[in-house]
Amino acid sequence: MTSPLLAGLAVAAAAYAGRYGIQAWQAFKARPPTARMRKFYEGGFQPKMTRREAALILGVRESTPADKVREAHRRVMVANHPDAGGSHYLASKINEAKDIMMGKSKSSGSAF
């Protein structure tokens, strides 16, 4: 007599677990989308760097003050410095971006 009772309890527990699983899945699918990862600039470099492109490279807004530009330049340069295994080309582009954001425009552009 106890085995049909245990079988019935097991079936009921499985049904409740399945119901909870379906409800949780529907709630998961219905939630609003959120940004999972930061979206980075996927384009290549322009022949002549613009202020917009410089801001995208440094990860700041175009209207960012000079001290924040210096902080952003330092942060990006630490990650891409040639002495630490980074690219010389990227380092020159990062420096060019800082110069443009600071208002010091070079006539020749990048070294490469």
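These remarks concern the structure in this document. Keep in mind that this is a model prediction, so the values were computed, not measured.

Brief notes about the nonpolar core
Inference 1: Within the largest apolar cluster, 15 residues are counted, with the highest numbers of intra-cluster contacts made by M49, A54, L58, V60, I94, A97 and M101.
Inference 2: Every element with two or more residues in this core is listed here: α2 (51-58), α3 (66-80) and α4 (88-102).
Inference 3: The biggest single contributor to this core is α4, with 5 residues.
Inference 4: Excluding residues that lie within four positions of it along the chain, L58 makes contacts with V69, A72, H73, R75, V76, I94, A97, K98 and M101.

Remarks on the side chain of T64
Inference 1: On the secondary structure map, T64 appears in the loop between α2 and α3.
Inference 2: The buried category is assigned to T64, whose relative accessible area is 15%.
Inference 3: At 2.7 Å, the side chain of T64 and the backbone oxygen of R61 are in polar contact.

Describing the pattern of salt bridges
Inference 1: Inspection of the entire model under this criterion finds 1 salt bridge.
Inference 2: Linking E96 and K93 is a salt bridge whose minimum nitrogen-to-oxygen distance equals 3.6 Å. Note that E96 and K93 are positioned in helix α4 at a spacing of 3 residues, about one turn of the helix.
Inference 3: Overall, the relative accessible area of 7% leaves E96 in the buried class.
Inference 4: The class of K93 is buried, set by a relative accessible area of 6%.

Quick notes on the environment of T50
Inference 1: Counting through the fold element by element, T50 comes out in the loop between α1 (2-30) and α2.
Inference 2: The exposure class of T50 is partly exposed, given its relative accessible area of 39%.
Inference 3: When the C-alpha positions of T50 and M101 are compared, they lie 9.3 Å apart, and in sequence the two are 51 residues distant.

Reading the values: the criteria
Residues numbered from 1 in each chain as written. Predicted model: local features only at pLDDT ≥ 70, side-chain atom pairs only at ≥ 80, totals over all residues. Heavy atoms only, no water. Core = buried A, V, L, I, M, F, W, Y, C linked by side-chain atoms within 4.5 Å. Buried < 20%, exposed > 50% of the residue type's maximum accessible area, 1.4 Å probe, protein only. Helix = DSSP H or I, 4+ residues; strand = E, 2+ residues; numbered from the N terminus. Contact = heavy atoms within 4.5 Å. Polar contact = N/O pair within 3.5 Å; in protein donor to acceptor, adjacent residues only side chain to side chain. Salt bridge = Lys/Arg side-chain N within 4 Å of Asp/Glu carboxyl O.

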